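# Reading the structure
One-letter residues, chain by chain:
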Amino acid sequence: MKMLMKGTEAIAEAAIRAGCRLYFGYPITPQSELTEYMAKRMPEVKGTFLQSESEVATVNMLYGAACTGRKVMTSTSSPGFSLMQEGISYMAGAELPAIFINVMRGGPGLGDIQPSQSDYFQSTKGGGHGDYRMIVLAPHTLQEATNMMKEAFDLAFKYRMLVTILVDGMIGQMMEPVELPEWTKPEEFEEPNWALTGANGRKPRKVTSFDLDPYELEKMNLRYQETYKKVSQNEVKYEEFKIEDAEITVVAYGTMARIVKTVIDYARKSGIKVGLFRPITLWPFPYERLSEISKNVKNILTVEMSYGQMVEDVKLAVEEKSDVHFYGRSAGVVPTPAEILDAIKKIVR
Amino acid sequence: MKMLMKGTEAIAEAAIRAGCRLYFGYPITPQSELTEYMAKRMPEVKGTFLQSESEVATVNMLYGAACTGRKVMTSTSSPGFSLMQEGISYMAGAELPAIFINVMRGGPGLGDIQPSQSDYFQSTKGGGHGDYRMIVLAPHTLQEATNMMKEAFDLAFKYRMLVTILVDGMIGQMMEPVELPEWTKPEEFEEPNWALTGANGRKPRKVTSFDLDPYELEKMNLRYQETYKKVSQNEVKYEEFKIEDAEITVVAYGTMARIVKTVIDYARKSGIKVGLFRPITLWPFPYERLSEISKNVKNILTVEMSYGQMVEDVKLAVEEKSDVHFYGRSAGVVPTPAEILDAIKKIVR
Amino acid sequence: MAKKGYVEINSERCKGCGLCINACPQHVLKFSEKFNDKGYHYAELYDPDDKCPGCAFCYYMCPDVCITVHRVSEERV
Amino acid sequence: MAKKGYVEINSERCKGCGLCINACPQHVLKFSEKFNDKGYHYAELYDPDDKCPGCAFCYYMCPDVCITVHRVSEERV
Amino acid sequence: MIKSIIIAGFGGQGVMLMGKIIAEAAMFEGLNVTWLPSYGPEMRGGTANCTVVIGDEPIGSPVVDFPDVVIAMNIPSMMKFEEVLKKDGTMLINSSVIDREPSRKDIKVSKIDANKIADTIGNSKVLNMVTLGAFAKITGLIKIEAIGKALEETFASKNKKLVDLNLQAVEHGMKSVTD
Amino acid sequence: MIKSIIIAGFGGQGVMLMGKIIAEAAMFEGLNVTWLPSYGPEMRGGTANCTVVIGDEPIGSPVVDFPDVVIAMNIPSMMKFEEVLKKDGTMLINSSVIDREPSRKDIKVSKIDANKIADTIGNSKVLNMVTLGAFAKITGLIKIEAIGKALEETFASKNKKLVDLNLQAVEHGMKSVTD
Amino acid sequence: MAIDKIVAQMPKSLSKIEFSYCPGCHHGIVHRIVAEVIDELGIASKTIMVAPVGCSVFAYNFFDLDGTVAAHGRAPAVATGMKRALPDRVIFTYQGDGDLASIGTAEIVHAANRGENITTIFINNAVYGMTGGQMAPTTLLGQKTTTSPYGRDAKANGYPIRMSEMLATLDGSAYIERTMVTTPQNVIKTKAAVKKAFQVQLKGLGFSMIEVLSTCPTNWGMTPIESMKWLEDNMTKTFPLGVFVDRTKGLI
Amino acid sequence: MAIDKIVAQMPKSLSKIEFSYCPGCHHGIVHRIVAEVIDELGIASKTIMVAPVGCSVFAYNFFDLDGTVAAHGRAPAVATGMKRALPDRVIFTYQGDGDLASIGTAEIVHAANRGENITTIFINNAVYGMTGGQMAPTTLLGQKTTTSPYGRDAKANGYPIRMSEMLATLDGSAYIERTMVTTPQNVIKTKAAVKKAFQVQLKGLGFSMIEVLSTCPTNWGMTPIESMKWLEDNMTKTFPLGVFVDRTKGLI
Ligand SMILES: Cc1ncc(C[n+]2csc(CCOP(=O)(O)OP(=O)(O)O)c2C)c(N)n1
Ligand SMILES: Cc1ncc(C[n+]2csc(CCOP(=O)(O)OP(=O)(O)O)c2C)c(N)n1
Ligand code: SF4
Ligand code: SF4
Ligand code: SF4
Ligand code: SF4
Ligand code: SF4
Ligand code: SF4
Ligand SMILES: [Mg+2]
Ligand SMILES: [Mg+2]
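To start, this report covers the structure provided alongside it. Not measured: the values here are computed from a predicted model. (Residues numbered from 1 in each chain as written. Chains lettered and ligands numbered in written order. Predicted model: local features only at pLDDT ≥ 70, side-chain atom pairs only at ≥ 80, totals over all residues. Heavy atoms only, no water.)

## Here we look at the coordination of the magnesium ion (ligand 10)
Residue and element names in this part refer to chain H. The condition that has to hold: Metal-coordinating donors are taken as N, O and S atoms lying within 2.8 Å of the metal, or within 3.2 Å when the metal is Na, K or Ca; because water is left out, some sites can appear incomplete. In DSSP terms, a helix is any run of H or I states spanning at least four residues, a strand is any run of E spanning at least two, and both are numbered starting from the N terminus. Only protein chains enter the calculation, and the probe is 1.4 Å; a residue is then buried if its accessible area is under 20% of its type maximum, exposed if over 50%, and partly exposed in between.
Protein coordination of the magnesium ion (ligand 10) is provided by D97 (OD), N125 (OD1) and V127 (O), with donor distances spanning 2.0 to 2.2 Å. Read in sequence order, the donor residues coordinating the magnesium ion (ligand 10) give the pattern D-x27-N-x1-V. Of this pair, D97 sits in helix α4 (residues 97-103) while N125 sits in the loop between β5 (119-124) and β6 (127-128), and the two are 28 residues apart along the sequence. There is no split in this pair, since D97 and N125 are both buried.

Given below as structure tokens:
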């Protein structure tokens with residue numbers, strides 16, 4: 001049965017159903033309802049909710065809890081995510097699985113609390129230090145976000161990687177009917193063979209991101225790079241929408257992509273054939289597929305709620321033949337269908 | 001007169017001579033000597049040295065001190081720089097000038113303390129949230145680093161932007177003869193017209209990165225973007241070394257670039273014509289010039305002490321005609337001249 | 001009895017919290033029947049018997065700094 | 001007098017800090033003339049008069065856990 | 001069919017809940033819906049609004065440039081959203097608070113004396129449900145049964161009485177709308 | 001001309017300072033130099049080393065694959081850097097501590113009884129300067145005047161006596177080197 | 001003839017901008033007190049304020065002073081940077097309990113421990129106001145908030161933290177007092193405390209802080225009047241009023 | 001016939017890896033004490049250690065236990081995450097004074113305040129050892145370090161912070177004691193304290209911490225023996241030994 005749910009709450013419930021029983025977080029608009037939902041819900045499912053003293057503490061609590069091989073998660077919004085960068089780099093180095101939800105808001109700095117997509121670089125290129133990557137997933141409807149939670153945990157454990165669900169304040173705050181996913185029983189989850197649980201007879205295990213010997217540290221890094229390669233080969237996801245006959249293809253993700261879907265309706269009604277290429281995994285970015293697509297379309301328009309971040313990946317992907325254009329507004333201003341249509345018209349005209 | 005100085009100390013002394021009298025920092029290898037030098041030297045020049053309780057505190061002390069319109073700086077190494085990301089985003093949003101020195105070490109996480117260049121993304125694309133940029137300068141000798149300090153402060157104040165000097169542990173730890181720059185008198189420095197100094201009769205001033213109204217925040221952001229455009233037009237810097245006749249051009253910065261200079265000697269002796277393109281400003285990246293160069297050379301090899309970060313900017317710059325190759329090691333392992341020469345030979349052969 | 005004090009209340013700034021009314025020892029403040037532009041029943045002085053001495057208790061308690069307190073005295077020569 | 005106790009010192013692990021020597025109430029520990037592989041004059045037992053009772057003071061103070069303390073007693077039947 | 005509604009008013013007038021009930025009722029009618037709030041401190045003291053989109057096809061943008069319907073619960077809201085209301089769109093105004101007319105002539109205007117009706121029911125808080133009733137009536141987008149179901153979803157856990165009270169208010173509203 | 005020297009030993013043997021004095025002296029000779037330390041906890045207890053590059057042209061890499069000279073102050077250092085020393089390169093060993101020979105036959109080996117000589121001077125700490133003297137003598141890269149100037153730069157602020165003591169040690173080393 | 005004299009009105013150091021606080025919120029009272037003290041000490045021309053992130057984030061606009069907004073919790077570090085740059089200016093921070101007692105714990109502890117010569121106004125309303133009423137470190141045991149929906153439980157969430165008492169253990173703290181503003185009488189006391197705190201700074205004696213127990217009617221779900229009673233009945237038990245450290249004897 | 005009995009030897013909970021500490025550094029003594037306690041309580045199989053960043057960063061390898069390294073200062077948060085995930089395991093952190101009293105202030109304060117059921121071993125050596133002897137928040141007034149080259153000055157750098165005293169003000173702190181290990185006698189006392197701290201955790205009584213005053217011969221520029229005397233003569237004046245909070249009466 002479908003339920004009308006708020007984005008933050010649907011994501012939280014889906015995470016619980018995916019077997020997450022450990023949530024650490026710190027309030028911040030526009031994701032506080034996720035924290036609040038967990039505060040209410042975790043005790044009901046015998047899980048743990050802990051409000052940390054800060055986002056710095058949060059990420060390190062996550063580190064500790066992830067060390068035990070359990071499914072753990074947090075959620076935050078842009079400034080909080082910035083504070084987590086050191087810890088994220090540590091977790092990546094220690095190959096710990098965990099889920100981060102970043103409900104992006106307008107920046108930089110304190111900015112505002114309206115929807116934004118200006119943390120793309122931070123998540124996909126690495127806001128922390130060192131050569132690490134996280135898997136970054138960008139749902140565009142609440143149903144997709146909800147379905148994604150189990151997959152997110154599966155990916156995290158399969159590759160021992162961090163997974164970030166990158167949404168914006170709009171996905172976080174809006175309501176939509178959602179069919180909640182099935183329950184995954186935490187009991188069925190097998191304890192990973194690297195988890196710190198007390199040695200109890202076996203050889204003690206160590207989990208760190210640390211080796212003072214650069215040649216040893218290089219070995220660890222090469223292992224990460226190997227993982228990243230595998231993920232890039234196997235886990236790329238995207239959606240194509242009416243691109244077959246498109247004279248212009250828009251690349252957009254998340255909220256921006258769903259707004260573009262409306263634009264496409266408008267545009268096609270007025271005779272402009274517009275398609276949408278929607279990366280679902282922002283890292284790994286669908287370079288290959290977009291490269292192919294770019295061979296068959298003259299104009300590619302990247303639309304973002306930022307001043308141009310994903311557009312760099314789009315440029316890295318496309319063949320010289322097609323022109324890459326950009327339209328974006330940021331700081332919490334959401335481009336409306338009308339203005340995007342205008343941008344399209346300027347290009348195709 | 002030239003003096004044999006350690007990198008960290010030469011940079012510190014040059015900053016003081018450039019008029020910096022406020023240093024806040026927290027020890028971390030391999031930059032602690034910079035902090036220690038400031039501890040010793042600042043009292044001698046009637047300046048202020050303060051060891052903060054953490055890098056989070058550091059960046060916020062910097063924020064406060066920068067609000068007063070004074071020349072302020074800090075230095076750190078990779079994990080510490082990660083902890084500063086929220087504060088950096090705030091300072092960028094508040095348009096505060098300040099200098100950061102990041103003496104990069106092997107990561108991710110705790111990693112090691114050996115030289116690395118794996119924080120390129122973090123500095124150039126934005127490790128913090130929101131659409132902001134910092135000017136990123138990458139010297140490759142101590143003399144260049146020393147000369148750069150005055151310029152760094154000038155840029156910071158001219159554009160009201162943050163400037164990061166991005167070096168690695170090697171530049172930080174090595175000694176080289178340095179001709180120290182002339183003194184700039186702090187007294188000659190004019191108080192900027194936005195500085196918070198107590199209103200004292202004039203209209204009170206406010207410095208923030210904050211506006212809850214997205215349309216107002218957008219205006220602020222458009223102003224930042226305007227500044228970034230100006231900087232991109234006016235302040236790009238690079239060095240070209242023996243590229244006129246090169247059959248292969250190496251792109252490298254900082255320590256890696258000076259090692260490549262040695263490689264070029266070796267290579268030319270064995271008959272391979274190698275050139276070097278060395279970005280000095282990593283942001284703004286010299287896209288245009290590199291694009292031109294790429295029209296005249298078939299092979300471009302990017303060499304980094306990372307698993308491939310700047311290479312993305314190189315790819316964004318070059319024309320389809322030339323092939324972009326990559327060679328890198330990370331985690332504190334410094335590629336030696338011999339192995340780089342091998343990499344070159346593999347390409348040109 | 002002569003007027004010893006009175007208050008002016010910035011009714012547009014008032015949020016009708018009632019802290020002044022609660023604090024007034026002379027009970028000469030009350031909510032207006034009317035709304036201000038923000039939609040609040042603002043506070044107003046109702047002091048037909050000139051009981052207000054200008055003690056400023058209302059001022060002390062007003063979180064929105066709406067109140068100006070006057071004291072009236074005979075001129076001494 | 002019969003031997004009541006003695007200590008074994010892992011000379012390769014020893015860093016020659018002297019904390020054991022400093023703590024030994026019987027003064028039966030001293031630095032060796034020799035270096036270990038790490039280049040330290042390691043500590044050694046010199047107890048010709050069997051003064052060491054195995055009190056373990058040296059053990060308590062050794063920061064590098066180099067010392068094993070033995071006590072020797074007559075078998076009771 | 002895609003219909004968009006913006007509901008706007010003071011913080012305390014229950015506009016968010018009104019929007020939610022409309023969306024939920026539409027969902028029970030088998031339609032697609034999105035509900036998008038304005039949020040944050042702007043809700044405190046100032047005006048609050050939410051946007052509901054209803055459709056029988058998948059809904060793209062939950063952001064709306066030009067709504068089909070505006071429900072204005074106070075003057076600032078009416079003035080703000082009058083400008084963007086579609087030509088021939090519907091403006092439903094709470095005439096208890098709004099003592100003037102919209103200036104545009106190319107729109108349909110309906111009025112509901114929501115506060116007064118709520119008072120007669122005996123609970124001034126249900127003015128939002130009164131207005132909702134009026135909305136249901138004039139647009140025909142949602143039926144009383146679906147509204148009832150939505151109210152039950154929302155309040156049943158708290159208490160049945162509340163459901164009845166609110167439903168009664170909706171019905172009053174349906175009856176009292178003028179256009 | 002570019003010459004590279006690696007100086008390696010235990011933490012306490014003063015190898016870093018030795019390297020620094022060599023580099024500084026070379027600078028006073030008008031040459032380009034770089035000095036690069038190994039650093040961090042590896043210096044504590046374990047071995048420490050630094051790389052000095054001297055040249056009459058600008059110095060590119062301060063990292064060296066194959067040094068021209070290795071100064072080994074203890075056995076582990078000798079074993080570690082023997083492998084990379086250039087063919088026909090020079091290995092200077094502190095024979096007070098190193099009681100064996102390098103195994104390679106295609107290199108030049110010189111010895112200095114540094115600890116003993118230092119002891120005769122009356123200060124066991126100056127063994128590094130004794131070794132430095134030997135290095136100066138066998139390579140001819142730096143002259144005693146420049147070394148004196150470098151020592152003054154380094155110690156003068158502390159005291160003149162120290163300069164003299166160290167200079168004396170250098171001179172002893174120059175005299176005592178064997179190859 | 002009668003003389004009409006204004007005995008109390010909006011202090012000069014406040015701007016004319018209307019406060020964004022909810023009706024009855026004590027933030028406004030404390031703002032006015034601080035502004036009055038600045039006026040009385042005649043220091044507006046050399047005072048810089050550091051607003052926090054919290055409901056009082058807008059305070060930088062409510063005071064007619066040079067001002068900024070610090071990142072959440074970092075006001076003491078920002079103020080430190082300012083004070084070190086301009087030691088002869090008066091720098092004060094204004095922080096909520098989430099800001100000061102949670103995310104900003106390290107910064108306030110070390111500012112106090114350094115004896116940083118700044119003044120902190122600390123608004124303890126036992127809740128995160130701005131973000132919608134989540135649990136604060138100062139939330140009382142048993143108190144229900146949006147993130148302690150079953151009431152704060154010591155086992156799971158720990159205890160209400162008494163910052164004034166804790167900071168008073170530090171040698172750099174010159175003056176720390178806890179007050180409230182529920183009556184005209186204790187408004188006057190609070191003002192005296194705030195004044196003393198600024199005087200401590202003017203004399204260069206070190207760190208000074210006034211903790212004001214405050215209401216948050218909105219998130220407590222009470223009327224302004226009810227919430228004052230709740231504060232007096234409940235908060236003062238966990239957070240007794242008083243002076244926790246005073247190193248100013250004979251100096252002011 | 002004579003019986004030869006080993007009365008003291010390397011405890012089982014230590015791995016055989018040689019310590020990386022400088023000669024005479026007290027870190028090693030405390031490691032051994034902790035390992036002995038774990039052995040004696042028979043809890044090695046269910047104990048997880050959290051090493052800090054500092055000289056004892058390698059401790060995760062020196063103990064023969066499951067272990068990790070926390071980011072600088074964040075060991076209490078890491079331990080909290082572990083303990084919440086596995087409440088029946090024994091979790092302890094080992095932190096230096098830079099780690100615990102400087103960058104990690106917020107995390108230790110809130111772990112203590114939550115009564116987080118973990119045990120912290122806190123090595124106070126008045127200096128940042130790992131990074132080369134910089135000033136710590138616990139550096140004594142007048143003490144010279146690489147970042148207080150003219151001696152720590154209260155005006156510029158604040159005062160040596162007494163963490164045990166400060167944390168003792170928090171309701172969640174069950175047991176906090178300060179000891180030293182300069183003689184066999186106080187080694188034995190320290191061991192008793194450490195044992196009690198672990199027992200507090202086993203009983204679920206809340207946060208326990210043992211602060212051990214320790215030497216850093218290398219950065220103090222003294223011999224190991226000299227540095228013990230310096231510790232006894234100087235550090236104990238600023239940091240008196242003793243029990244600062246004990247909420248275990250009748251419970252252990
Ligand atoms: C890094 C970061 N985390 C979280 C937030 C969200 N946030 C804003 S204000 C606030 C709490 C405010 O509570 P308090 O300090 O008690 O002030 P009050 O609103 O109660 O006056 C939080 C968590 C933020 N802005 N930045
Ligand atoms: C974020 C961060 N900042 C700084 C450092 C550098 N650092 C490593 S250890 C240390 C201080 C260690 O001192 P302490 O905690 O007292 O431990 P000790 O070495 O004295 O035992 C510092 C500052 C780091 N690793 N990470
Ligand atoms: S001044 Fe005193 S008596 Fe007059 S209205 Fe105010 S509180 Fe009442
Ligand atoms: S206290 Fe102020 S805001 Fe509240 S009712 Fe009285 S005048 Fe209005
Ligand atoms: S056991 Fe006691 S007497 Fe024997 S060597 Fe050790 S300290 Fe000395
Ligand atoms: S205490 Fe231990 S390390 Fe120190 S000298 Fe004695 S045996 Fe060696
Ligand atoms: S939410 Fe609470 S603290 Fe914030 S303004 Fe409203 S009443 Fe005041
Ligand atoms: S530097 Fe100090 S604390 Fe670190 S191991 Fe050496 S003596 Fe111990
Ligand atoms: Mg609060
Ligand atoms: Mg320490």
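Moving on, there is more to tell.
## Thoughts on the site of ligand 8
What counts is decided by this rule: Here, proximity means that at least one heavy atom of the residue falls within 4 Å of the molecule or strand. Basically, the charged four are Asp, Glu, Lys and Arg, the nonpolar ten are Ala, Val, Leu, Ile, Met, Phe, Trp, Tyr, Cys and Pro, and anything else, Gly included, counts as polar.
In the neighbourhood of ligand 8, 12 residues make up the surrounding shell, with C22, C25, C55, N125 and C216 of chain H lying closest. Neighbouring residues of ligand 8 are distributed over chains F and H. The element contributing the most residues to the shell around ligand 8 is helix α9 (residues 217-220) of chain H, with 3 residues. For the shell around ligand 8, the class distribution of residues is 6 nonpolar, 5 polar and 1 charged.

## Some thoughts on the relation of the copies chain A and chain B
Rules: All copies are superposed by least squares; the fitting set is the C-alpha atoms of residues with a pLDDT of at least 70 in both. Residue contacts are defined here by distance: any two heavy atoms, one from each residue, within 4.5 Å place the two residues in contact.
Of the two same-sequence chains, chain A is brought onto chain B (RMSD 0.0 Å, axial shift 0.0 Å) by a rotation of 180°. Between the two chains, the operation in question is that of a two-fold axis. No C-alpha of chain A lies nearer the rotation axis than that of G127 of chain A, which sits 1.8 Å from it. When the interface residues of chain A are mapped onto chain B, 100% of them are again interface residues, pointing to one common binding face.

## A word on the site of ligand 1
Heads up, the rule is: Here a polar contact means two N or O atoms within 3.5 Å. Within protein one must be a hydrogen donor candidate and the other an acceptor candidate, and residues neighboring in sequence count only if both atoms are side-chain atoms. Here the Shrake-Rupley method, with its probe set to 1.4 Å, supplies the accessible areas, and only the displayed protein chains count as covering residues.
Near ligand 1 there are 22 residues, and of these E55 of chain A together with H27, C55, D97 and G129 of chain G occur at the shortest range. One nitrogen or oxygen atom from the side chain of D97 of chain G is found 2.2 Å from an oxygen atom belonging to ligand 1. The contact in question runs from an oxygen atom of ligand 1 to an N or O atom on the backbone of D99 of chain G, over 2.8 Å. Against a free-state accessible area of 590 Å², the protein chains account for coverage of 99% of ligand 1. Counting only elements with at least two residues in the shell around ligand 1, the list comes to α4 (97-103) and β6 (127-128) of chain G. The dominant element in the shell around ligand 1, judged by the number of residues it contributes, is α4 of chain G, at 4 residues. Broken down by class, the residue content of the shell around ligand 1 amounts to 10 nonpolar, 8 polar and 4 charged.

## Overview of helix α12 (residues 310-317) of chain B
In terms of burial, α12 of chain B is largely enclosed, as 6 of its 8 residues are buried. Among all positions of α12 of chain B, only M310, V311, E312, D313, V314 and A317 of chain B are buried.

## A few points about the nonpolar core
Inclusion rule: To define a nonpolar core, start from buried Ala, Val, Leu, Ile, Met, Phe, Trp, Tyr and Cys residues and group those joined through side-chain atoms within 4.5 Å.
M73 of chain A together with M73 of chain B are the most contacted members of the largest nonpolar core, which has 410 residues in total. The contact partners of M73 of chain B, leaving out residues within four places of it in the chain, are A15, C20, L22, Y23, F24, L34, M38, L62, I99, I101, M149 and F153 of chain B.

## Thoughts on the sheet that holds strand β7 (residues 162-168) of chain B
All names here are of chain B. Operational definition: Pairing between strands is defined by DSSP: at least two bridges between them are needed. Structural elements are reduced to axes, namely lines fitted to C-alpha atoms, with helices fitted over the stretch in contact, and the angle between N-to-C directions of any two is expressed from 0 to 180 degrees.
Spatial ordering of the open sheet is given by β3-β2-β4-β5-β7-β6-β13, a layout of 7 strands whose pairing is mixed. Each edge of the open sheet carries a strand with a single partner, namely β3 (48-51) and β13 (281-283). Each adjacent strand pair in this sheet contributes to an overall mean axis angle of 20°, direction not counted. Judged from the 2 bridges that link them, strand β6 (residues 135-137) and β13 form a sheet pairing that is antiparallel. In the strand pairing of β13, V136 is matched with W283.

## A few points about the pattern of salt bridges
All names here are of chain A. Stated precisely, the cut-off is as follows: Salt bridges, as used here, are contacts in which a Lys or Arg side-chain nitrogen is within 4 Å of a carboxyl oxygen on Asp or Glu.
Counted by the stated rule, this structure contains 103 salt bridges over all chains. Residue R223 is joined to E95 by a salt bridge in which the shortest nitrogen-to-oxygen separation is 2.5 Å. Remark: E95 occurs in the loop between α5 (85-93) and β5 (98-104) and R223 occurs in helix α9 (residues 214-234); sequence separation between them is 128 residues. Relative accessible area serves as the criterion here: at 41%, R223 is assigned to the partly exposed category. In this structure E95 comes out as buried when scored by relative accessible area, which is 11%.

## Here's the deal with the coordination of the magnesium ion (ligand 9)
Within the protein, the atoms that donate to the magnesium ion (ligand 9) are D97 of chain G (OD), N125 of chain G (OD1) and V127 of chain G (O), at distances of 2.0 to 2.2 Å. Each donor residue of the magnesium ion (ligand 9) belongs to the same chain, and together they define the spacing D-x27-N-x1-V.

## Notes on the state of the cysteines
Heads up, the rule is: Cysteine sulfur atoms are paired as a disulfide whenever they fall within 2.5 Å.
Scanning all chains against the criterion turns up 0 disulfides over all chains. Unpaired in terms of disulfides, C20 of chain B finds its nearest cysteine sulfur in C67 of chain B, a separation of 16 Å.

## Regarding the interface of chain A and chain B
Quick note on the threshold: When two components associate, each loses some accessible surface as probed by a 1.4 Å sphere; the sum of these losses over both components is called the buried area.
The interface of chain A with chain B comprises 59 residues on the first partner and 59 residues on the second. Ranking the residues of chain A by area buried against chain B places P108, H129 and Y307 of chain A at the top, with a combined share of 15%. Among the salt bridges present, the one from K125 of chain B reaches E312 of chain A, with a minimum N-O distance of 2.7 Å. Along the contact surface separating chain A from chain B lie 30 residue pairs in polar contact (both at pLDDT 80 or more).

## Some points on the arrangement of the chains
Pairwise contact counts over the 16 pairs of chains in contact peak for chains A and B. Looking at chain A next to chain C, you find no contact at all, with the nearest C-alpha pair sitting 24 Å apart. For the non-touching pair chain B and chain D, the nearest C-alpha separation works out to 24 Å.

## Points about the environment of T47 of chain E
Tracing the sequence through the fold places T47 of chain E in strand β3 (residues 47-55). For T47 of chain E and K108 of chain E, which are 61 residues apart along the polypeptide, the C-alpha to C-alpha distance reads 23 Å.

Coordinates in, geometry out; function isn't part of it.
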